[in-house]
Amino acid sequence: MSSKPTVTIEPAPPGAATYDRGTIALHWLTAALVLILWLIGTFLEDLLPKGTLRTGIWSAHFDAGFVVAALIVGLLLWRRTRGRSLPVADPGPLHQLAKATYGALYGLLFAVVGLGIANAFVRGVPLVGSIALPQLGDAAWRRPLTQWHGLAANILMVLALFHAAAALVHHYLWHDTILRRMLPVKP
Ligand code: HEM
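Residues numbered from 1 in each chain as written. Predicted model: local features only at pLDDT ≥ 70, side-chain atom pairs only at ≥ 80, totals over all residues.

Observations concerning the nonpolar core
Val68, Leu108, Leu109, Val112, Ala152 and Leu156 are the most contacted members of the largest nonpolar core, which totals 16 residues. Within the residue set of this core, elements represented by two or more residues are helix H1 (21–47), helix H2 (52–81), helix H3 (93–123) and helix H4 (142–172). For this core, the element with the most residues is H3, which contributes six residues. Once residues within four sequence positions are removed from consideration, valine 68 is found in contact with Thr30, Leu33, Val34, Leu37 and Val113. (Core = buried A, V, L, I, M, F, W, Y, C linked by C-beta atoms within 7 Å. Buried ≥ 20, exposed ≤ 12 C-beta atoms within 10 Å, placed from the backbone. Helix = DSSP H or I, 4+ residues; strand = E, 2+ residues; numbered from the N terminus. Contact = placed C-beta atoms within 7 Å.)

Dropping the structure here:
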């Protein structure tokens, strides 16, 4: 009988610096919602025929989109006020690359969310329950706004994939605490 290989991630060792709980919660909640919104935006039209279920899931995309907007602002405010700053282990070129990636991730998140919100108003989309946004602006903007929103979302996902791959390289190849300090486990 062969035993299954198990993948375990140990908590950071005692005394190691980890992010505070607010930063960890906001980080993973934002990441999860962004992934779900991208999956909906990319595959919904191909998977479901027109109908109430598809319209309902689009509404969930718009509602959750506003939640993501609030989470990003919350994450930035939290990081600048009460969030824990961690020491930089190696301030070399890899750290500069990581900082540039974070900047680009935030920039793209703002672009995706900004274009999504503009698109939602131009369309006057339905939100939760019987609430709908007022239709504002020129309806001719729908198409280009959807295309730009989708393109920015795809670039965001490529960068997020690179960001996640880097965290896994830190953990599995370099065996440092970079990934563990962003995990919701007590050191
Ligand atoms: C970062 C989070 C988000 C991601 C990853 C995302 C992703 C996507 C994707 C991939 C599409 C399909 C684009 C295409 O067909 O080319 C889409 C469509 C759309 N999104 Fe988002 N989105 C996000 C946030 C938002 C927000 C905040 C809003 C506004 C509240 C929004 C409103 C819309 C609208 C109105 C559409 C067009 C729906 C339709 O074609 O009927 N999105 N989104």
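What about the environment of alanine 165?
Tracing the chain through its elements places alanine 165 in helix H4. Residue classification places alanine 165 among the exposed positions, given that 10 C-beta atoms sit within 10 Å. Placed 41 residues apart in sequence, alanine 165 and glycine 124 show a C-alpha to C-alpha distance of 38 Å.

Description of the site of the ligand
Taken together, 26 residues lie around the ligand, and Leu37, Gly41, Gly65, Gly116 and Gly150 are the ones closest in. Contributions of two or more residues to the shell around the ligand are made by H1, H2, H3 and H4. In terms of residues, the shell around the ligand owes the most to one element, H3, which gives eight residues. Classifying every residue of the shell around the ligand gives 15 nonpolar, ten polar and one charged. (Near = placed C-beta within 6 Å. Nonpolar A, V, L, I, M, F, W, Y, C, P; charged D, E, K, R; others polar.)

Some thoughts on H3
For H3, spanning 31 residues, the distance from its first C-alpha to its last is 44 Å, which sits close to the expected 45 Å at 1.5 Å a residue. Among all positions in H3, only Leu108, Leu109, Val112, Val113, Leu115, Gly116, Asn119, Ala120, Val122 and Arg123 are buried. Against H2 and H4 lie the buried residues of H3. Immediately beyond the C-terminal end of H3, within one or two residues, lies glycine 124, with a positive phi of roughly 60 degrees. (Expected span 1.5 Å × (residues − 1).)

From the geometry alone we can't say anything about function, so treat these as descriptive.
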